Amino acid sequence: MVHQDWNKTHITGYFVVLTAYNEEKTLENSFLATKRAIDFSFTQNSELSQVNIIICHNGCTDETPQIAQNIKNTYSNRKIHLEVISSAKGMILAQNACMRYVRKYNNIDSPIIFVDTDALIDEKAIDIFLAQFKLHPDLKVVGAHPVPIAYNGSSIVRKFWDR
């Protein structure tokens, strides 16, 4: 597991938490956007050695658990450790399950970043969060309010909503 020395301004690793309920259509794209942000954070922070990603599917009735497992099998490597866990239905229950997992293996020594699985984060988002962790050593967990992106498909209803 990764370790954060809160007395210094460098971060050697962090956790990314993705909670997913019936996100079979969005999970992979959300993960890939998150991975781009993680890859960017490695280029900007030479002290980083590992990132731990937890994907928690919670009460899904679709293919989300299988997609999460495929992501783990495809993208886990020495720098990016992926774990897939499950919880009862509900975002808070899933987030709590992830926090229990982090505490069990890391005592929350590393920063934790929550990412919605129906959102696409910017490539620089994690690097911005890491800068805040460095500036505020008591900060342990962050998340952000997503900004919707315009729908480019053919659904008349979706186009109406995007106005």
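An account of the accompanying structure is given in this report. (Residues numbered from 1 in each chain as written. Predicted model: local features only at pLDDT ≥ 70, side-chain atom pairs only at ≥ 80, totals over all residues. Heavy atoms only, no water.)

1. Quick word on the sheet that holds strand 3 (residues 80-87)
Remark on secondary structure: sheet strands pair via backbone hydrogen bonds, oriented parallel or antiparallel.
For step 1, the next point in the chain: With respect to topology, five strands assemble into an open sheet ordered 3-2-1-4-5, the strand pairing being parallel. The open sheet has two free edges, formed respectively by strand 3 and strand 5 (141-142), since each of these has just one partner strand.
For step 2, the next point in the chain: Where strand 1 (residues 13-20) lies against strand 4 (residues 112-116), five bridges are found, and the strand directions are parallel. Within the sheet, the bridge partner assigned to Phe-15 lies in strand 4 and is Ile-112.
For step 3, the next point in the chain: Where helix 4 (residues 125-135) meets the sheet, it contacts strand 1, strand 4 and strand 5, and its direction lies at approximately 150 degrees from that of strand 4. (Pairing = 2+ DSSP bridges. Helix = DSSP H or I, 4+ residues; strand = E, 2+ residues; numbered from the N terminus. Contact = heavy atoms within 4.5 Å. Axes fitted to C-alpha atoms, helices over the stretch in contact; angles between N-to-C directions.)

2. Details of the nonpolar core
For step 1, the next point in the chain: One finds Tyr-14, Val-16, Ile-38, Ile-53, Ile-55, Ile-113 and Ile-126 to be the most contacted residues of the largest nonpolar core, which totals 29 residues.
For step 2, the next point in the chain: Listing elements by their share of this core, those giving two or more residues are strand 1, helix 1 (27-44), strand 2 (50-58), helix 2 (64-75), strand 3, strand 4 and helix 4.
For step 3, the next point in the chain: Ignoring sequence-local partners within four residues, the contact set of Ile-53 consists of Val-16, Leu-18, Phe-31, Ile-38, Ile-80, His-81, Leu-82 and Glu-83.
For step 4, the next point in the chain: In this structure, Phe-15, Cys-98, Val-102 and Phe-114 belong to the second largest nonpolar core, which totals 13 residues. (Core = buried A, V, L, I, M, F, W, Y, C linked by side-chain atoms within 4.5 Å. Buried < 20%, exposed > 50% of the residue type's maximum accessible area, 1.4 Å probe, protein only.)

3. Here's the deal with helix 2
Since the α-helix advances by 3.6 residues per turn, residues separated by three or four positions end up pointing in the same direction.
For step 1, the next point in the chain: Across its twelve residues, helix 2 extends 16 Å between first and last C-alpha, which sits within 8% of the 16 Å expected from 1.5 Å per residue.
For step 2, the next point in the chain: Buried residues of helix 2: Thr-64, Ile-67, Ala-68 and Ile-71, and no others. The buried residues of helix 2 all sit within an arc of 100 degrees when viewed along its axis, so they share a single face.
For step 3, the next point in the chain: Against strand 1, helix 1, strand 2 and strand 3 lie the buried residues of helix 2. (Expected span 1.5 Å × (residues − 1). Arc of directions from axis to C-beta.)

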